[in-house]
Structures are given as structure tokens and as C-alpha cells.
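Okay, here's what each chain looks like letter by letter:
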Amino acid sequence: VQLQASGGGLVQAGGSLRLSCIASGGAFSRYVVAWFRQAPGKEREFVSAISKYGGSIYYADSVKGRFTMSKDNAKNTAYLQMNTLKTDDTAVYYCAAGPPTDSLRWTSRLMYNYWGQGTKVTVSS
């Protein structure tokens, strides 16, 4: 499965962006899909994950209430709607796909076999 993330850009604090992750070479419905992010000088961290058919969604505490993840299996696309952006949200955002496992593992980078190339989000003050 190949993943292509897009939608990043420069936005002022308080603004919004929507990221997209398009999959090719495999059915998205077979995978848990997640977003991670990596800020300069920091480790890659979990942002959000969604189950195969979209029935379960998890968020990092830092984005809960501001970000919304969704998945359209018919389009092989996952989305991350980011509202009320903060300067701390500045990072490269990566989408990832992995096998349907216990949801307790969804926050771990290790469970994801496929990664997109990343899209950069910069939030200015």
C-alpha cells in the first residue's frame, strides 16, 4: 500500500486546515489508519487513529476537541480536519496504515506497516 499525504501549509493560529491521505495498491478498508506528527527536534508522536470501517476513532489529548479524523473507504482516503490550530501544532504530519489490532496499540508507531511521505503544517502566531 502506498500512502500520499497532502493538505499542509501555512496558517495563522486559530485557523483551520484539512489533511488528506490517499491510498493506492490496497483496500483502505483492511487497515487501521493513523496520523502522526513530528515537530523539529522532537520524536514522532501519535495524533489520531481510526478503525477499518470508521466506527472507532482515538485522539491524542493535545488535539482532542480540535481535530477530527474521518475515513472514506470508497475513496481510499482518510482525512484530518484541524481546527483552532495552535503554534504547537506546527509539524510534519504523516499518515500511516496498519493491520486491525487491539486499539490499545494504535498509538504506537510500531504497529503501522505503511507510511506516507508527510505534509508540513506551519502555524504562525
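Per chain, residues are indexed from 1 in the order of the written sequence. Only residues with pLDDT of at least 70 are given local features in this predicted model, and only at 80 or more are side-chain atom pairs given and counted; all residues enter the totals for whole chains, interfaces and linings. The side-chain figures draw on all heavy atoms in the structure; neither hydrogens nor water molecules are used.

## Description of the overall build of the protein chain
Inference 1: Note on conventions: DSSP H or I runs of at least 4 residues are helices, E runs of at least 2 residues are strands, and numbering of each starts at the N terminus. Within the protein chain one finds zero helices and 11 strands.
Inference 2: Expressed along its principal axes, the backbone C-alpha trace of the protein chain runs to roughly 40 × 25 × 25 Å.
Inference 3: Exposure categories follow from relative accessible area, calculated using a 1.4 Å probe and restricted to protein chains: below 20% of the type maximum is buried, above 50% is exposed, and the middle band is partly exposed. The proportion of buried residues among the 125 residues of the protein chain is 43%.
Inference 4: Surface summary for the protein chain: the accessible area is close to 6300 Å², and the carbon and sulfur share equals 47%.
Inference 5: Positive charges come from Lys and Arg alone, negative charges from Asp and Glu alone, with His and the N- and C-terminal ends not counted. Note on charges: their place is set at NZ of Lys, CZ of Arg, CG of Asp or CD of Glu. The protein chain carries 14 positive and 7 negative side-chain charges, and their two centres are separated by 6 Å. In these tables, accessible area is a Shrake-Rupley quantity obtained with a 1.4 Å probe, and a residue counts as shielded only by the protein chains included in the view.

## Comments concerning the sheet that holds strand S8 (residues 77-82)
Inference 1: Strand order in the open sheet formed by four strands is S1-S3-S8-S7, with antiparallel pairing between adjacent strands. The open sheet has two edge strands, strand S1 (2-6) and strand S7 (67-72), and neither has a second partner. Direction aside, neighbouring strands of the sheet carry axes that sit 15° apart on average.
Inference 2: In this structure, strand S3 (residues 17-24) lies alongside S8, joined through six bridges in antiparallel fashion. Following the sheet pairing, arginine 18 is matched in S8 by glutamine 81. A strand pair is defined by DSSP finding two or more bridges across the two strands. Each axis is a line fitted through C-alpha atoms, taken for helices only over the stretch in contact, and angles between the N-to-C directions span 0 to 180 degrees.

## As for unusual backbone geometry
Inference 1: The residue asparagine 76 is not glycine, and still its phi comes out positive at about 55°.
Inference 2: Mapped onto the fold, asparagine 76 is located in the loop between S7 and S8.

## Concerning the nonpolar core
Inference 1: Trp35, Leu80, Met82, Tyr93 and Tyr112 are the most contacted members of the largest nonpolar core, which totals 38 residues.
Inference 2: Listing elements by their share of this core, those giving two or more residues are S1, S3, strand S4 (32-38), strand S5 (45-50), S7, S8, strand S9 (91-98) and strand S11 (119-124).
Inference 3: Residue contacts for tyrosine 112: discarding those within four places in its chain leaves Val32, Ala34, Phe36, Ala49, Ala96, Ala97, Gly98 and Trp106. Joining through side-chain atoms within 4.5 Å is the link that ties buried Ala, Val, Leu, Ile, Met, Phe, Trp, Tyr and Cys residues into a set, and such a set is a nonpolar core. Two residues form a contact once any of their heavy atoms are found within 4.5 Å.

## Things to note about the state of the cysteines
By definition, a disulfide is the covalent link that joins the sulfur atoms of two cysteine residues.
Inference 1: Cysteine sulfur atoms are paired as a disulfide whenever they fall within 2.5 Å. Evaluation of the coordinates by the stated rule reveals one disulfide.
Inference 2: The disulfide that involves cysteine 21 links it to cysteine 95, with 2.2 Å between the sulfurs. An S-S torsion of about 70° defines the bridge between cysteine 21 and cysteine 95 as right-handed. Pair noted here: cysteine 21 is in strand S3 and cysteine 95 is in strand S9, with a separation of 74 residues, a long-range link. Each member of the pair, cysteine 21 together with cysteine 95, is buried.

## Focus: the environment of threonine 90
Inference 1: Mapped onto the fold, threonine 90 is located in the loop between S8 and S9.
Inference 2: Distance from threonine 90 to serine 124, taken between C-alpha atoms, is 8.3 Å for residues 34 residues apart in sequence.
Inference 3: Reaching out from threonine 90, the side chain makes a polar contact with the backbone oxygen of threonine 87 at a distance of 3.0 Å.
Inference 4: Counting of polar contacts relies on pairs of N or O atoms within 3.5 Å, with two restrictions inside protein: one atom must be capable of donating a hydrogen and the other of accepting it, and residues adjacent in sequence are counted only when both atoms are side-chain atoms. Of the polar contacts made by the side chain of threonine 90, one reaches the backbone nitrogen of valine 123; its length is 2.9 Å.

## What to know about the side chain of arginine 37
Inference 1: Relative to the elements of secondary structure, arginine 37 occurs in strand S4.
Inference 2: Given the relative accessible area of 6%, arginine 37 is considered buried.
Inference 3: Here the side chain of arginine 37 touches serine 62 through a polar contact of 3.5 Å, side chain to side chain.
Inference 4: At a separation of 2.9 Å, a polar atom in the side chain of arginine 37 contacts the side chain of aspartate 89.

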